[in-house]
Amino acid sequence: MAADDGSVRIDSWIWSVRLTKTRSTAAAACRGGHVRVNGDRVKPAHPVRPGDEVRLFHLGRERVVVVKRLVRKRVGAPVAAECYVDNSPPPPPPEYVAPVARRERGAGRPTKRERRETERLRGR
């Protein structure tokens, strides 16, 4: 892609502004249908331009951002925050998040009874 084109690959931009940890994770999200630009599912090579709305479903949360500035290389967090407008809904409160079954360290393998209780909590 030419430097004067005025666009950047969506997987590269998502990684550059720190919405994902790695570019390969961003590309996998695009291939999996978890990235939408202006309402359309896109492939990793899709060009993004200023003014585009990007919706990313990542780590159990939807991020809705509007592109303000294009960056080709990964930048620091303060600079990355200036590259988009975050319109994401707030994360759900902790009381609405399902509890995670945890075992004490060193408790060993769960018994059959404990495993069944865990599965019942998970709804299986």
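Residues numbered from 1 in each chain as written. Predicted model: local features only at pLDDT ≥ 70, side-chain atom pairs only at ≥ 80, totals over all residues. Heavy atoms only, no water.

A. Spotlight on unusual backbone geometry. Backbone geometry at Asn38 places phi at a positive 55°, although glycine is not the residue there. Relative to the elements of secondary structure, Asn38 occurs in the loop between strand S2 (35-37) and strand S3 (40-41). Residues other than glycine seldom take positive phi values, yet Leu59 does so here, at roughly 55°. Structurally, Leu59 is set in the loop between strand S5 (53-58) and strand S6 (61-67). (Helix = DSSP H or I, 4+ residues; strand = E, 2+ residues; numbered from the N terminus.)

B. Just the UniProt feature "domain: RNA-binding S4" (unreviewed entry) in the protein chain, in detail. In this numbering, the UniProt entry assigns the feature "domain: RNA-binding S4" (unreviewed entry) to residues 8-72. As a span, residues 8-72 carries 25% helix and 34% strand, and end to end its C-alpha atoms are 7 Å apart. (UniProt positions renumbered as here; feature names shortened; annotations may be inferred.)

C. Representation of the sheet that holds strand S7 (residues 84-86). If you walk across this open sheet you meet the 5 strands as S3-S2-S5-S6-S7, and the pairing is antiparallel. Two strands close off the open sheet at either side, each with one partner strand: S3 and S7. (Pairing = 2+ DSSP bridges.)

D. Broad picture of the nonpolar core. Counting residues in hydrophobic clusters, the biggest one holds 22 residues, and the most contacted among them are Ile10, Trp13, Ile14, Val17, Leu19, Val35 and Val54. Counting only elements with at least two residues in this core, the list comes to helix H1 (10-16), helix H2 (23-31), S2, S5 and S6. (Core = buried A, V, L, I, M, F, W, Y, C linked by side-chain atoms within 4.5 Å. Buried < 20%, exposed > 50% of the residue type's maximum accessible area, 1.4 Å probe, protein only.)

E. Broad picture of the environment of Val79. Its place among the elements puts Val79 in helix H3 (residues 77-81). Classification of Val79 as partly exposed rests on a relative accessible area of 33%. Residues Val79 and Arg23, spaced 56 residues apart in sequence, show a C-alpha to C-alpha distance of 18 Å.

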